[in-house]
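Coordinate analysis (summary)
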There are 2 protein chains.
Amino acid sequence: MFWIITSIVVSFLAVGVAVYFYRWVEQLPSDNANATSIGKLIRDGAFTFLKREYRTLLIFCAAVSLVILFIYPNPIWTGKGLARNAVMLVSYLSGSALSGIAGFVGISIATLANVKSALAAEKGLAPAYMAGFRGGAVMGMAVVASSLFGAAVLYLVTRDAGALMAFSFGASSLALFAKAGGGIFTKTADIAADLAGKVELSIPEDDPRNPAVIADNVGDNVGDVAGMGADLFDSNVASFSAAIVIAIALNAVDLIFCFGSLGLLASIAGVLLARIGADGDPGKALNRGTYLTCAIFAIVTFLASLICGYSLRLWGAAVLGVVAGIVIGLTSEFFTGDDKRPVKMVARACESGPAFTILSGFSYGLLSSLPSMAGIGLSALFAWRICEPLGGNYPMLGISVAAIGMLSVVGMIISNDAYGPIVDNARGIAEMCDLGDDVLEITDKLDSAGNTSKAITKGFAIGAAGLTVIALLGAFIETVAGYGVTITLDLMNPMVLFGILTGASVPAVFSAMLILGVNRNAQTMVREIHRQFDTIPGLREGKPGVRPQYDLCIDIAARGAIRELVPAGLMAIGLTLLTGIVGNVQAVGGFLAGNIVSGLMLALLMSNAGGLWDNAKKYIEAGNCGGKGSKAHKAAVIGDTVGDPFKDTAGPSINTQITVVSLVSSLAAGLFIMISILA
Amino acid sequence: MFWIITSIVVSFLAVGVAVYFYRWVEQLPSDNANATSIGKLIRDGAFTFLKREYRTLLIFCAAVSLVILFIYPNPIWTGKGLARNAVMLVSYLSGSALSGIAGFVGISIATLANVKSALAAEKGLAPAYMAGFRGGAVMGMAVVASSLFGAAVLYLVTRDAGALMAFSFGASSLALFAKAGGGIFTKTADIAADLAGKVELSIPEDDPRNPAVIADNVGDNVGDVAGMGADLFDSNVASFSAAIVIAIALNAVDLIFCFGSLGLLASIAGVLLARIGADGDPGKALNRGTYLTCAIFAIVTFLASLICGYSLRLWGAAVLGVVAGIVIGLTSEFFTGDDKRPVKMVARACESGPAFTILSGFSYGLLSSLPSMAGIGLSALFAWRICEPLGGNYPMLGISVAAIGMLSVVGMIISNDAYGPIVDNARGIAEMCDLGDDVLEITDKLDSAGNTSKAITKGFAIGAAGLTVIALLGAFIETVAGYGVTITLDLMNPMVLFGILTGASVPAVFSAMLILGVNRNAQTMVREIHRQFDTIPGLREGKPGVRPQYDLCIDIAARGAIRELVPAGLMAIGLTLLTGIVGNVQAVGGFLAGNIVSGLMLALLMSNAGGLWDNAKKYIEAGNCGGKGSKAHKAAVIGDTVGDPFKDTAGPSINTQITVVSLVSSLAAGLFIMISILA
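Residues numbered from 1 in each chain as written. Chains lettered and ligands numbered in written order. Predicted model: local features only at pLDDT ≥ 70, side-chain atom pairs only at ≥ 80, totals over all residues. Heavy atoms only, no water.

Describing unusual backbone geometry
Glycine aside, residues mostly have negative phi angles, and peptide bonds mostly take the trans form. Residues and elements named next belong to chain A. Put simply, Tyr72 and Pro73 share a cis peptide bond, and its omega is -10°. Among the structural elements, Pro73 can be located in the loop between helix 2 (33-71) and helix 3 (83-120). The phi torsion at Asp434 lies on the positive side, around 55°, for a residue other than glycine. Note that Asp434 resides in the loop between helix 14 (410-432) and helix 15 (437-482). (Helix = DSSP H or I, 4+ residues; strand = E, 2+ residues; numbered from the N terminus.)

Overview of the environment of Gly182(B)
All names here are of chain B. By the secondary structure assignment, Gly182 is in helix 5 (residues 161-201). Gly182 sits 133 residues away from Phe49 along the chain, and the two C-alpha atoms are 9.0 Å apart. Residues contacting Gly182, with those up to four places away along its chain left out, are Phe49, Glu53, Phe177, Val222 and Gly223. (Contact = heavy atoms within 4.5 Å.)

Here we look at the interface of chain B and chain A
Taken together, the contacts link 75 residues of chain B with 75 residues of chain A. Carbon and sulfur atoms make up 83% of the surface buried where chain B meets chain A, a total of about 6,500 Å² over both sides. Per-residue buried area on chain B facing chain A is highest for Phe356(B), Met492(B) and Leu501(B); these three make up 11% of the total on that side. Where chain B touches chain A, the interface holds zero salt bridges. Applying the counting rule to chain B against chain A returns six residue pairs in polar contact (both at pLDDT 80 or more). Secondary structure elements with two or more residues in the side of chain B that touches chain A: helix 5, helix 11 (354-387), helix 14 (437-482), helix 15 (494-535), helix 17 (585-621) and helix 18 (631-667) of chain B. (Buried area = accessible area lost by both parts, 1.4 Å probe. Salt bridge = Lys/Arg side-chain N within 4 Å of Asp/Glu carboxyl O. Polar contact = N/O pair within 3.5 Å; in protein donor to acceptor, adjacent residues only side chain to side chain.)

Points about helix 1 (residues 2-26) of chain A
Structurally, the α-helix is built with 3.6 residues per turn, so residues lying three or four positions apart point the same way. All names here are of chain A. Helix length check: helix 1, at 25 residues, gives a terminal C-alpha distance of 36 Å against a target of 36 Å (1.5 Å per residue), a fit within 8%. Residues of helix 1 that are buried include every one of Trp3, Ile4, Thr6, Ser7, Ile8, Val10, Ser11, Ala14, Val17, Ala18, Phe21 and Val25, and no others. Its buried side turned inward, helix 1 meets helix 3, helix 4 (125-158), helix 7 (253-273) and helix 8 (282-308). (Expected span 1.5 Å × (residues − 1). Buried < 20%, exposed > 50% of the residue type's maximum accessible area, 1.4 Å probe, protein only.)

Thoughts on the pattern of salt bridges
Residue and element names in this part refer to chain B. All chains considered together, the criterion is met by 44 salt bridges over all chains. Notably, a salt bridge pairs Arg427 with Asp444, separated by 2.8 Å at the nearest N-O pair. Within this pair, whereas Arg427 is found in helix 13 (residues 410-432), its partner Asp444 is found in helix 14, the two being separated by 17 residues in sequence. For Arg427, a relative accessible area of 14% gives the class buried. Asp444 sits in the partly exposed class, given a relative accessible area of 36%. Across the pair Arg520 and Glu564 runs a salt bridge whose closest N-O atoms are separated by 3.1 Å. In this pair, Arg520 sits in helix 15 while Glu564 sits in helix 16 (residues 550-582), placing the two residues 44 residues apart along the sequence.

What to know about the relation of the copies chain B and chain A
Of the two same-sequence chains, chain B is brought onto chain A (RMSD 0.0 Å, axial shift 0.0 Å) by a rotation of 180°. Put plainly, the chains are arranged around a two-fold axis. The rotation axis passes nearest to the C-alpha of Asp490(B) in chain B, at a distance of 2.3 Å. The overlap is high: 100% of the interface residues of chain B also sit at the interface in chain A, so the same surface is used on both sides. (Least-squares fit on C-alpha atoms with pLDDT ≥ 70 in both.)

Have a look at this one:
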């Protein structure tokens, strides 16, 4: 009870920090009318899209709400009354609503901080960094606080594992669509702007003549801020829900909230400590924040375990999660860092043409899956082993506590991740407002620091998702057991095998659908850019006062994203239900396992290959292998374009897809037990 | 007993057909001195490489032989005597030797039939087709006959499941290296010849001035004939071994040999029936042969089951395998056929540049995994279910009989697959000897027919590998049970989970290593081609009598392939052993399952995406989307180059990698039971 209340208190504290940072960013000067007007274009575009996206999602939520109210868990025709259904409905809607609000908060601060950071860059690196990072931290604090707060209040009120699952499903399903929609929007605009602008028309990045340039900046916000926030909100909630579902039977819920609130406290400390001096290195500051958060988390949870008399074995599992997160993060850094061998090899391959660029980057992406997957497997194994002497279901709790440990730094992760698009936007605004080369140099430095730290934090995010879904698999079996059905998922059971093979192909199909969506939309937008250049007099030459029709490009990206975001998510949910209805709960268990395995592999491949191509391009642009404009650079741009939807659309959406599928399975377990056509 | 003898008799019959076809091809006229001399260059190059490759493999075989002789299964220090070890050694060596011989036979006929087919094309389509197809059929008959013969004799003499596993391992480990080595050789030469020749120097395909052109033709033989033959020899042997290991305990070995020998009979009939009239369509003839084989197999096995009193349930499982093979084949055809939507969409994407080419082809490759994997899963499930009423281990036997059913057409598959490189070579020879446009048109038609039928047969091969390794997983558990240890592979056992996650990344790392190998070597060869063009006077202009130094390019491909073929295979074997020694048999079981799942996904992705890019390029070259030389064509060439090592190096090698890992697990099961560091 103490830690549940503490969780709520710490959440308020984090909200306080968020408000403080928001105010801090807000009071920074914005005395450049041009920058303010461009900032407003971006902000309006982002909010317009977000509203349209949420309107679509409202239909989905309404449909699910009806299903819950009348059928779940007590179908209306059984006459058991709708009280429990109403609880589920409220939980589901709270999850969705909090996730949606987090997205709005993120857009609101990010589209404020971008202008502030650009203008602060006129004063130097440190002020610009602080504007960007504190802007990002608002999002980080808001997301973690609301997820912890939501879980704590919900548990306090309902004491119902099912309600937490519904809460988590609300968050996940919204995240699935938000991440996919935002990811399609951002890469549609990014690719089209690059291809039509840089490659075909030979105008520089962020050139205000490019009709897609505002859409590109809007995309950074809706994809990398709102989408990413929804995604990590979901991961965090899912890891809590899985842990609590398992912990309830063990009377260990207190410990979960203890570690959760201390993780948030550590994140608050990390965020406050990630500052730099006048000549500091922003990349180092970001990493320092991450590592400090880890250390603080390890220390305070150790003390708390001693004081509260928790088994140190569970603490060990949490620390194991932290360590595994760092290992996976360092792997990502090795494969994507521009001072490491893979980036240099891919840059060299670029000299032999785009085919070699693609082949080598793809290969390194494949290679990167081994250490990370073995790392996730080993940490799950050790977390289990450490907690095995505690007996009962403690080993599975150990795995979910490891996930919570890995996610202790989630506040830092989100702050870093939101920092990236903010300073990216700042660069765009600086270019569009002609703030000068000094400012561009600073924003470039900030941008590249964001990329490096992102590689590490992304490792944490994927690893945590992996551990969380393993715990969710355990929660699924618990849930099934709750229906009085005890199952083992024996690999030699052909139903399990069938499930594994089918489940493994779902992330593949899911990512293919998203990538094809980006492909289609980007081609439409490229045509629109050409049309504007061909028909608007004076645009190509940059005649003063001539502006492209930015809104048309924003509209193409928005319409395309709205159209494409639903089918992929519905496919994943639909195939899960189909597998359970045609097969049985064993088939679903296999389906989840297959989904996790191939999902992790594809997510790692796509994130790391994408990051690698991006940095190989930057490495060449820094003057290596022929530098900008060389044959190698052209090949690198192609690699980067392929990598864009890999790393920013499909890759990060897979996490959410896996989580959603896991939650759907648990929630629909009763249905699968009732109907199993082939069983 | 009857069917074992029959198997041996039918094998001899097939050898007879092979000899007849060999003679038939041999007596075709070869009255063009120029063609004969080029044919000799190719033949010498192929045999030189094969000998060097086998010399390297001999070292591997010798090392394994020593291990077997002194340790396996009875370590010398236990004093149990070496008799059983000697049996294993002989079995292992027979497998390796037969696989190697099959490769030699294939090269021998293929490098004869290529010249004959080119010259026969002067007389028309039908004679050229017959020369190519009957050449391929020699290989098809030889491979199936030797695998059936080997398994039958070995079983007759030893009656030992372990010996069959060792036989299979001999075949597989050789195939692993032969497929990888051949695949690296062929794509090194193909990519280098295309990039330096077609793209950079703008000389046509197969131009005799190109120093890599002979290496390219040699590559077709060592990669697509010898390597592919070793691969399918291995699949066939593995499916028999898995089935027999399971059948022994059920007293059902007879049925396996019955279905095996009838499958070969059906293939003989199919090969004899796959002929065309003067104006026939070679693609249809090839497919007709495949479908007829399936039908004949279904009918004769039905009759045999009635006569011999076998349960019709097992016959049902076999037919299920055939049907699943066709479904998977048709899926591949849909995703790679040039009259289907995916190829047209990718061709259209080419118009927007190479990045879209890659992204769309890759996405369709991902999509293609769902129907095939669900198909494999469903056929395993149904095969199990059909045989469930028979009790005992019959359900698992059902799965392996389904694999045998799917492989009943393996004779046709190999004939088709070897036909491809033969007519591809014929095209090259026709171009190099200036046989005229009519001949080129015919050889182009033959080549494209080979591609279409290859898509279908490749589906069979991947599907059969999937079912076979599932059966091998069953055989692994049987083997472990033989040591008195009963295990279940519960997905919630963290050891199993750890195994799955690690095993899943092995095919990724394996393919990455092969692709990076091709990448490296092709870049070396491109440099060599440039050197020759720059330093040999008159070469660029095509001065009569000036010839490039073909042998230097052959040497680069050979040395590179020899260097790269071993590490990837050793990595796969090594990680299997490591997982078993660090973990336990459960970890290995999970490792196999993970390996199968991600291996199938990657194999399907790579084969289908590769075929798709290839055909999109051909579709554009046929005059669509701007035709040859257009911007779209350039993008399509890049896509095809990326697809080359996907579909011809990494993709098809994964099958073998999975099989080898499965066999290693069974063979080393005793070791894993003895030593398990973490268990």
